[in-house]
Amino acid sequence: MSDTASASDTAPTLVLTGGQVLTLDAGFTVTEGVAVRGQDILAVGSDAEMRALAGPGTRIVELGGRTVLPGINDSHLHGAAYGMTKPPFALDVGHPSVGSVADIAAVVGRAAHETPEGDWIIGLGWDPGYLAECLADPGRFPHRRDLDEVAPGHPVCLTDFSSHMVWVNSEALRRCGIDADTPAPPGGVIDHDPDGRPTGILRESAGRLVQAELPAPTQAQRRRAIQGVIRELHSRGITSYTEPGLGPGGAGSLFGGLSTDNWTAYADLAASGELQARVSVLLLPAPMGGSADDVRKGLAELHRPESADPRLLRAIGVKIFADGVPPNRTAWMSEPYPDGGHGALCVHGDTPALQVHELREMIRLGHEAGFQLGVHVTGDRAIDLVVDAFLAANTAAPRPDARHYVIHGDFISPDSLAKLAAHGYGVNMNPAIKWTISDLMDEVVGPERSAYQWPVRSALDAGVRVCASSDAPITEPDWRQGVASMMLRESKASGRPSGPEQCVPLADALRAYTSTAAWQDFADGWKGTLEPGRAADLCVLDRPLLDLDPHEITQVQVDLTVFDGRVVFER
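Overview of the structure. (Residues numbered from 1 in each chain as written. Predicted model: local features only at pLDDT ≥ 70, side-chain atom pairs only at ≥ 80, totals over all residues. Heavy atoms only, no water.)

## Section: the overall build of the protein
Piece 1. The secondary structure content of the protein amounts to 20 helices and 24 strands.
Piece 2. Taken over C-alpha atoms, the radius of gyration comes to 24 Å for the protein, in line with the 25 Å a tight globule of 571 residues would show.
Piece 3. Taking the principal axes of the C-alpha coordinates as reference, the protein spans close to 85 × 55 × 50 Å.
Piece 4. The contacts of the protein with a sequence gap of at least 6 include a subset with a gap of at least 24, amounting to 72%.
Piece 5. Accessible surface, the protein as shown: approximately 20900 Å² in total, 51% of it carbon and sulfur.
Piece 6. Seen as two clouds, the 47 positive and the 74 negative side-chain charges of the protein have centres 3 Å apart. (Helix = DSSP H or I, 4+ residues; strand = E, 2+ residues; numbered from the N terminus. Rg over C-alpha atoms; globule rule 2.2 N^0.38 Å. Contact = heavy atoms within 4.5 Å. Areas by Shrake-Rupley, 256 points an atom, 1.4 Å probe, with all protein chains shown as cover. Lys, Arg positive; Asp, Glu negative; His and termini not counted. Charge placed at Lys NZ, Arg CZ, Asp CG, Glu CD.)

As structure tokens, this is what we get:
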């Protein structure tokens with residue numbers, strides 16, 4: 001072999017240089033360039049060092065001062081479900097597309113004119129905090145009558161922005177057999193009028209009474225939805241994400257967005273070489289409102305499914321639902337909500353004591369089966385219970401590196417933070433949701449608790465690993481908004497700060513979307529930073545990020561995304 005051939009075999013395939021390369025390594029090293037060979041990072045260093053590595057076949061990207069980051073890892077993103085929130089699957093009835101109940105009725109009415117009578121009309125995204133009628137009258141809430149007027153002959157199902165509440169019309173209630181005598185399922189609430197008839201609002205697990213009746217997409221449609229989402233993620237610089245809950249417990253979710261069918265769709269894409277992102281999956285053996293027996297049966301059915309390439313698709317954990325969400329007043333809180341009630345656990349059991357026992361058993365089963373546990377839990381009382389259950393399960397069956405974590409963790413207490421830190425467990429928070437709902441939460445839980453919600457600074461100071469995520473489709477998968485929200489904690493609606501003492505600097509915010517997210521994936525040895533030998537997943541931003549006013553971060557554009565050494569997006 002000639003010297004020229006040998007040199008070209010070892011030369012980088014891609015060099016990006018003359019910029020601001022944020023490696024996100026342990027020392028937050030900032031350098032000028034990065035070299036890629038094949039699927040891996042070959043080197044990082046100065047402009048001169050990177051140019052010296054280039055061979056005749058190397059593509060050189062002149063950064064001109066632009067920023068390079070590791071590929072973004074959205075560590076809690078319902079990819080399949082998000083894909084199915086878009087046309088042709090669902091209408092957009094979220095802010096800012098609509099601003100009132102009347103706007104939503106108009107959207108549904110237009111769909112009714114275009115949809116054969118008797119077929120379902122499905123939408124997603126409504127939020128009473130942005131509906132004019134609800135803002136003008138706190139006693140006003142969406143009602144079945146609003147939809148009956150415009151679509152009397154179609155069953156209508158509109159899921160809210162949080163995916164924890166469903167608004168339906170009378171035809172949908174009739175189609176699904178829901179009337180004044182229908183009991184709410186465990187962990188669910190059916191709202192009623194004074195005369196006892198359902199209002200059309202179904203909360204938490206009660207929403208599945210309708211969602212389970214919706215027409216199911218085909219496998220081909222599921223694959224197309226996932227591929228469409230991944231193309232969007234590439235345009236946002238995202239190369240990895242956690243799909244937080246696929247399994248029999250998701251069979252009744254909207255379009256089966258959390259069902260086992262979507263594991264099959266992902267596995268088919270991985271096997272055919274068409275999966276262009278790294279997807280970590282939490283299996284979902286039991287539904288919201290489920291039981292320990294559901295977990296046993298679900299785990300027996302799922303086992304630990306395999307994929308063609310574990311660096312692309314891997315089932316790493318199990319998701320369990322503990323309680324609801326604060327905006328619905330279904331998060332289980334130590335102190336009551338200002339308008340009464342403490343919320344509750346969303347698990348099987350006729351009494352709180354039985355529910356506590358059931359949740360502990362569900363966590364024990366997942367731990368002893370060898371899985372990482374990601375538990376959806378938001379209220380401080382429920383979080384304390386979950387963290388203690390993690391510790392009890394580990395005491396009974398020690399595992400040195402389980403990497404269990406609290407999902408959301410809205411009102412996590414200092415005591416629970418200390419316990420998570422001591423045992424190497426984590427928390428996954430949602431800063432863009434904080435940005436979206438902070439004014440609303442002042443009313444729901446009071447200003448003091450609202451300011452504390454998602455205490456990122458407290459968690460980091462306690463030594464807890466913190467990941468940040470979009471929870472799409474709850475918010476858009478926009479890490480820029482998440483980073484800005486972590487640095488500013490300002491309200492989307494008013495711009496008012498909410499808990500500014502919980503702000504964190506840029507480096508901590510970026511780690512939550514890169515290196516710490518790789519830790520959650522058990523992949524911190526090979527992705528999440530720009531270091532030699534790591535996976536060549538990275539993105540190029542259109543300007544320098546260091547010292548940028550945090551208010552301007554949401555205006556930053558992604559110019560280039562590289563996944564597995566290949567350019568997959570170029571603006």
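There is more to say after this.
## Thoughts on the sheet that holds strand β20 (residues 426-429)
Piece 1. In space, the eight strands of this open sheet follow the order β8-β15-β16-β17-β18-β19-β20-β21, with parallel pairing throughout. Of all the strands in the sheet, just β8 (72-74) and β21 (465-468) have a single pairing partner and so form its edges. With direction set aside, neighbouring strand axes in the sheet form an average angle of 25°.
Piece 2. With six bridges connecting them, strand β15 (residues 238-246) and strand β16 (residues 278-283) associate as parallel partners. By the bridge assignment, Leu-246 is partnered in β16 with Leu-283.
Piece 3. Taken strand by strand, helix α10 (residues 260-271) contacts β15, β16 and β17 (313-321), and its axis lies near 165° from that of β17. (Pairing = 2+ DSSP bridges. Axes fitted to C-alpha atoms, helices over the stretch in contact; angles between N-to-C directions.)

## As for the pattern of salt bridges
Piece 1. In this structure the tally under the stated criterion is 36 salt bridges.
Piece 2. A salt bridge links Asp-559 to Arg-66; the nearest nitrogen and oxygen atoms lie 2.9 Å apart. Placement of the pair is Asp-559 in strand β23 (residues 558-563) and Arg-66 in the loop between β6 (59-62) and β7 (67-70), with a sequence separation of 493 residues.
Piece 3. The exposure class assigned to Asp-559 is buried, which follows from its relative accessible area of 12%. (Salt bridge = Lys/Arg side-chain N within 4 Å of Asp/Glu carboxyl O. Buried < 20%, exposed > 50% of the residue type's maximum accessible area, 1.4 Å probe, protein only.)

## Comments concerning the packing of aromatic side chains
Piece 1. Within the structure shown, the criterion is met by five aromatic pairs.
Piece 2. It is Arg-311 that lies over the ring of Trp-526; its NZ or CZ is 4.0 Å from the centre.
Piece 3. Taking NZ or CZ as reference, Lys-492 lies 5.4 Å from the ring centre of Tyr-130, over its face. (Phe/Tyr/Trp six-rings, centres within 6.5 Å; stacked < 30°, edge-to-face > 60°. Lys NZ or Arg CZ within 6 Å of the ring centre and 35° of its normal.)

## Details of the sheet that holds strand β13 (residues 188-192)
Piece 1. Strand order in this open sheet of six strands is β9-β10-β11-β12-β14-β13, and the pairing throughout is mixed. What marks the edges here is a single partner per strand, and that holds for β9 (91-92) and β13.
Piece 2. As judged from the four bridges shared by β13 and strand β14 (residues 198-204), these two strands associate in the antiparallel manner. Looking at β14, one finds that His-192 is bridged to Pro-198.
Piece 3. Along the sheet, helix α4 (residues 101-114) makes contact with β9, β10 (121-126), β11 (156-160) and β12 (165-168), crossing β10 at roughly 155°.

## Some points on the nonpolar core
Piece 1. Counting 102 residues, the largest nonpolar core has Leu-69, Phe-390, Leu-510 and Leu-545 as the members making the most contacts within it.
Piece 2. When near neighbours in sequence (up to four residues on either side) are disregarded, Phe-390 contacts Ile-363, Leu-373, Val-375, His-404, Tyr-405, Val-406, Leu-420 and Tyr-425. (Core = buried A, V, L, I, M, F, W, Y, C linked by side-chain atoms within 4.5 Å.)

## A few points about the side chain of Thr-516
Piece 1. Residue position: Thr-516 is located in helix α20 (residues 515-520).
Piece 2. Leaving out residues up to four positions away in the same chain, Thr-516 has contacts with Arg-465, Val-466, Cys-467 and Arg-511.

## Structural notes on helix α11 (residues 292-302)
Within an α-helix, residues lying three or four positions from one another point in the same direction, as the helix has 3.6 residues per turn.
Piece 1. Among all positions of α11, only Ala-292, Val-295, Gly-298, Leu-299 and Leu-302 are buried. The buried residues of α11 all sit within an arc of 120° when viewed along its axis, so they share a single face. For α11, the exposed residues set more than 90 degrees away from the buried face come down to Lys-297 and Glu-301.
Piece 2. Residues of α11 that are buried make contact with β15, α10, β16, β17 and α12 (352-368). (Arc of directions from axis to C-beta.)

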